[in-house]
Amino acid sequence: MAYTNFKQTFWSKHIQSQLEKHCVLLEDCDFTYEGEVKHGEKIKVLGVGRPTISEYNSTDIGVAETVTDSAVELNIDQAKYFNFMVDDVDKAQGTPGLMEALTLESSRALAQERDTYIASLYTQAGETSSSVAVSTPEDAKKAVDAAFEVLWNNGVKIGSDVTVVLTPWFYNLFKDELTNRYTDNMELISQGIIGLYNGAAVKLSNNLYNDETDDYMFVKTKRAIAFAGQIQSTEAYRPEGLFADALKGLDVYGAKVVKPDEMYVIKAHKA
């Protein structure tokens, strides 16, 4: 990649595309609030209450109700960067596309940082199970069914956009319960989707939080977590005093659980 031919807009979009492709947890967030964001900014997420329904008996219905609302702040408080270079000698002796390959790996690393950050939001879930020792398929099914029961009791409908995100060992116990298994659909598997259960997409991730005993697995709607972020800047440059091409990029983002009643965490370990 010649420094003089570098185009910031093209490379920025390329990196963003790879982030979306390689994220599992990120795919199932609410991007309604995404736009032009900068590190340190805040986004107000407005929530509205539900008006009271009363019996009408042909009399004066009185003064209109003032429906309460709420607002939570989505902080753009995460900032991650990469900064690498390729020496001119290495580039001349290496295979073509080295700079592009390193850019791809940078985007994958940023994607993992985003996924890991979203996994850390388990603390904001509406409900988390007690620590569960899972050793059989029946144990795994019981844990997942308990999560769905909580979501249904909270008003989440069957057929809503729900995702179950499991760690590999838990999936190996649970997989026979899937109503559809996508063992031969490579496009879906590349997105982490491995089957359906109760109408929800079941995904696999190794970025879920672990406290050295338990994994914290998600059963949630797509609306539960709001996410906003972007590659804020990319820059190619020639490092002073070196014969090398370098590229650096800054990724800024934030996420928050805005509908905790639509998110349940299964806290479990392999017995």
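Above this text is the structure in question.
The notes below deal with the structure included here. (Residues numbered from 1 in each chain as written. Predicted model: local features only at pLDDT ≥ 70, side-chain atom pairs only at ≥ 80, totals over all residues. Heavy atoms only, no water.)

### Thoughts on the pattern of salt bridges
Across all of its chains, the model carries ten salt bridges by this definition. A salt bridge links Lys203 to Glu27; its shortest N-O distance comes to 2.8 Å. Residue Lys203 is found in strand S9 (residues 200-204), and its partner Glu27 is found in the loop between helix H1 (8-22) and strand S1 (42-48); the two are separated by 176 residues along the sequence. Connected through salt bridges with shared partners, the residues Glu27, Asp28 and Lys203 form a single ionic network. (Salt bridge = Lys/Arg side-chain N within 4 Å of Asp/Glu carboxyl O. Helix = DSSP H or I, 4+ residues; strand = E, 2+ residues; numbered from the N terminus.)

### Considering the nonpolar core
In terms of nonpolar packing, the biggest core is built from 50 residues, with Phe170, Ile225 and Ile266 touching the most fellow members. Looking at which element gives the most residues to this core, the answer is helix H4 (residues 137-153), with seven residues. Those residues in contact with Ile225 that lie beyond four places of it in its chain are Cys29, Asp30, Ile118, Leu121, Phe218, Lys220, Ala255, Lys256, Val257 and Met263. (Core = buried A, V, L, I, M, F, W, Y, C linked by side-chain atoms within 4.5 Å. Buried < 20%, exposed > 50% of the residue type's maximum accessible area, 1.4 Å probe, protein only. Contact = heavy atoms within 4.5 Å.)

### Digging into the side chain of Asp245
Relative to the elements of secondary structure, Asp245 occurs in strand S12 (residues 244-257). Note on Asp245: relative accessible area 3%, which makes it buried. Within polar-contact distance, the side chain of Asp245 engages the side chain of Arg238 at 2.8 Å. (Polar contact = N/O pair within 3.5 Å; in protein donor to acceptor, adjacent residues only side chain to side chain.)

### Here's the deal with the packing of aromatic side chains
Within the structure shown, the criterion is met by twelve aromatic pairs. Ring centres of Phe148 and Trp152 lie 5.6 Å apart, and the angle between their planes is 45°; on these two criteria the pair is classed as tilted. Taken together, the residues span about one helical turn, with Phe148 and Trp152 both in helix H4 at a distance of four residues. Overall, the relative accessible area of 35% leaves Trp152 in the partly exposed class. (Phe/Tyr/Trp six-rings, centres within 6.5 Å; stacked < 30°, edge-to-face > 60°.)

### As for the sheet that holds S12
Across the sheet, which stays open at both edges, the three strands sit in the order S3-S12-S11 with antiparallel pairing between neighbours. At either end of the open sheet lies a strand with only one pairing partner, and these are strand S3 (78-87) and strand S11 (225-237). Averaged over all pairs of adjacent strands, the angle between strand axes in this sheet comes to 15°, irrespective of strand direction. The sheet contact formed by S11 and S12 spans twelve bridges and is antiparallel. (Pairing = 2+ DSSP bridges. Axes fitted to C-alpha atoms, helices over the stretch in contact; angles between N-to-C directions.)

### What about helix H3 (residues 98-119)?
Counted at 1.5 Å a residue, the expected span for H3 with its 22 residues is 32 Å, and the 32 Å between its end C-alpha atoms agrees. Looking at H3, one finds that the buried residues are Met99, Thr103, Ser106, Ser107, Leu110, Ala111, Arg114, Asp115, Tyr117, Ile118 and Ala119. (Expected span 1.5 Å × (residues − 1).)

### Topic: H4
Between the first and last C-alpha of H4 there are 24 Å, a value that for 17 residues agrees with the 24 Å anticipated at 1.5 Å per step. Gly155 occupies a position one or two residues after H4 and carries a positive phi of about 100°.

### Section: the environment of Thr179
Turning to its location among the elements, Thr179 is positioned in the loop between helix H5 (168-174) and strand S7 (180-181). Linking Thr179 and Asn198, residues 19 residues apart in sequence, is a C-alpha distance of 7.8 Å. Apart from residues lying up to four places away in sequence, Thr179 is in contact with Leu196 and Tyr197.

### Examining empty space enclosed by the protein
Tallying each qualifying case throughout the model produces one cavity of 30 Å³ or more. The volume enclosed by the largest cavity comes to roughly 40 Å³. Around the largest cavity, the lining residues are Val24, Leu25, Asp28, Ile118, Thr163, Val165, Phe218, Lys220 and Ile225. Secondary structure elements with two or more residues in the lining of the largest cavity: strand S6 (162-166) and strand S10 (215-221). (1 Å grid on protein atoms, 1.4 Å probe; cavity = no way out; pocket = protein on both sides within 12 Å on 5 of 7 lines; lining within 4 Å. Points joined across faces, edges and corners; volume = space filled by probe spheres on them.)

### Points about the environment of Asp88
Looking at the secondary structure, you find Asp88 in helix H2 (residues 88-93). Judged by relative accessible area, which is 24%, Asp88 ranks as partly exposed. As for Asp88 and Asp245, which are separated by 157 residues in sequence, their C-alpha atoms are 7.0 Å apart. The contacts of Asp88, once residues within four sequence positions are left out, are Arg238, Phe243, Ala244 and Asp245.

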